[in-house]
Amino acid sequence: MRGDIVPAPLVSVVLPVYNGERYLAAALASIFDQEYRHFEVVVVDDGSTDASADIAKSMPGVRYLYQQNQGVAAAWNAGIAASRADLIAFLAQDDLWAPSKLAIQVGYLNDCPGIQYCISHARSFLEPGCGVPPGLRPELLERDHVGGIVETMLARVSAFDLVGRFDTSLVFADVDWFARAKDAGVPMAVLPQVLLYRRVHNDNLTYRAIAEGQRDLLKTVARSIKRQRCTRAGEDSGIDRGQSWD
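Residues numbered from 1 in each chain as written. Predicted model: local features only at pLDDT ≥ 70, side-chain atom pairs only at ≥ 80, totals over all residues. Heavy atoms only, no water.

Observations concerning a nonpolar patch on the surface
Convention followed: In this analysis, a patch consists of residues with relative accessible area above 30% that form no salt bridge, clustered at 9 Å for like charges and at 5 Å for the nonpolar side chains Val, Leu, Ile, Met, Phe, Trp and Tyr. Only the protein chains shown count as covering a residue, and every accessible area follows the Shrake-Rupley method with a 1.4 Å probe. For salt bridges, the criterion is a side-chain nitrogen of Lys or Arg within 4 Å of an Asp or Glu carboxyl oxygen. Runs of E in the DSSP output that reach at least two residues are strands. Runs of H or I that reach at least four are helices, and both are numbered from the N terminus. Think of it in three bands: residues with accessible area under 20% of the maximum for their type are buried, residues over 50% are exposed, and the middle band is partly exposed, with areas taken using a 1.4 Å probe on protein chains only.
Residues V146, M188 and V190 make up a contiguous nonpolar surface patch of roughly 220 Å² in combined accessible area. Positionally, M188 belongs in strand β9 (residues 188-200). Overall, the relative accessible area of 33% leaves M188 in the partly exposed class.

Rendered as structure tokens:
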């Protein structure tokens, strides 16, 4: 009916943490400082032995889940399973969102019902007193870039029905997920705004795992090529829902 008010969709924000006491409070604060207010926060503790659990539990509005250490992909999957919302977002324990992050992306998905997920631009910043870690291109600290990572994403739950969950055998499981989504033709959009600020410091898991991650990236590319060949041959592309393509 004309004039009806469309209710604001609930967003589940999934934040995995593993021994993240140094930055966790700031990451959570950037969620609770969002202009868009209709969200829940699910912190998935991946076996922390520091004060991460105390910090998460001290924040009103946080739903805290604990699991034995299984890696970030398993924590993402646990957060998705625990979600009560139709939209899902992710934030790392040491990164920060722009205050407008959810408002912009929820508004975009509301206006574009055919789009399954959107990502944004990101900006990296160096933590004071830390050097540039190996594996990070210095120019990424000098300009904005498209953030092809889950921390910039807002996705409909239906996107995970189409693509599947994250592959827990991979270090860079989000790269694999985006490749599977692309190969499956899942509609997405890249928004021009900088909505994520990535903290670069000496303990970044991404850069510490760079050697193993390079092997995973090669595996991801090989899987993608195989899916594309199957599609071109008119065969069932077999959307990868975590099964092996080896």
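Comments concerning helix α1 (residues 24-32)
Counted only if it meets this: Arc definition: it is the arc formed by the directions from the helix axis to the C-beta atoms. Whether two residues touch is decided by their heavy atoms; if any such pair falls within 4.5 Å, the residues are in contact.
For α1, every residue scored as buried is listed here: L24, A27, L28, S30 and I31. Looking straight down α1, one finds that the buried residues subtend no more than 155 degrees of arc, so they occupy a single side. Residues of α1 that are buried make contact with β1 (11-17), β2 (39-45), α2 (52-58), β3 (62-66) and β5 (96-97).

Regarding the pattern of salt bridges
A complete count under the given rule lists four salt bridges for this structure. When salt bridges with common partners are traced through the structure, they connect E40, R63 and R84 into a single cluster.

Focus: the nonpolar core
Here is the rule: What makes a nonpolar core is a set of buried Ala, Val, Leu, Ile, Met, Phe, Trp, Tyr and Cys residues whose side-chain atoms join them at distances within 4.5 Å.
Counting 30 residues, the largest nonpolar core has V11, L15, I31, L102 and L154 as its most contacted members. Where this core is concerned, the elements lending two or more residues are β1, α1, β2, α2, β4 (87-90), α4 (101-111), β6 (117-126) and β9. In contact with I31, other than residues within four places in its own chain, are V13, L15, F39, V41, L91 and W97. Counting 25 residues, the second-largest nonpolar core is a separate cluster that includes A73, W76, A82 and I119.

Let's talk about the side chain of S30
Rule in force here: In protein, a polar contact requires one atom able to donate a hydrogen and another able to accept it; more generally it is a pair of N or O atoms within 3.5 Å, and residues adjacent in sequence count only if both atoms are side-chain atoms.
You can see S30 is positioned in helix α1. A polar atom in the side chain of S30 sits 3.2 Å from the backbone nitrogen of W97. Residues within four places of S30 in sequence aside, it is in contact with L91, D95, L96 and W97.

Brief notes about the side chain of E151
If you trace the backbone, E151 turns up in the loop between β7 (145-146) and β8 (154-156). Excluding residues within four positions of it along the chain, E151 makes contact with W76, F90, L91, A92, D95, W97, K101 and L196.

Points about the environment of C118
Mapped onto the elements of the fold, C118 is located in strand β6. Sequence-wise, C118 and P187 are 69 residues apart; in three dimensions their C-alpha atoms are separated by 8.9 Å. Residues contacting C118, with those up to four places away along its chain left out, are Q105, Y108, L109, T152, M153, L154, A189 and L191.

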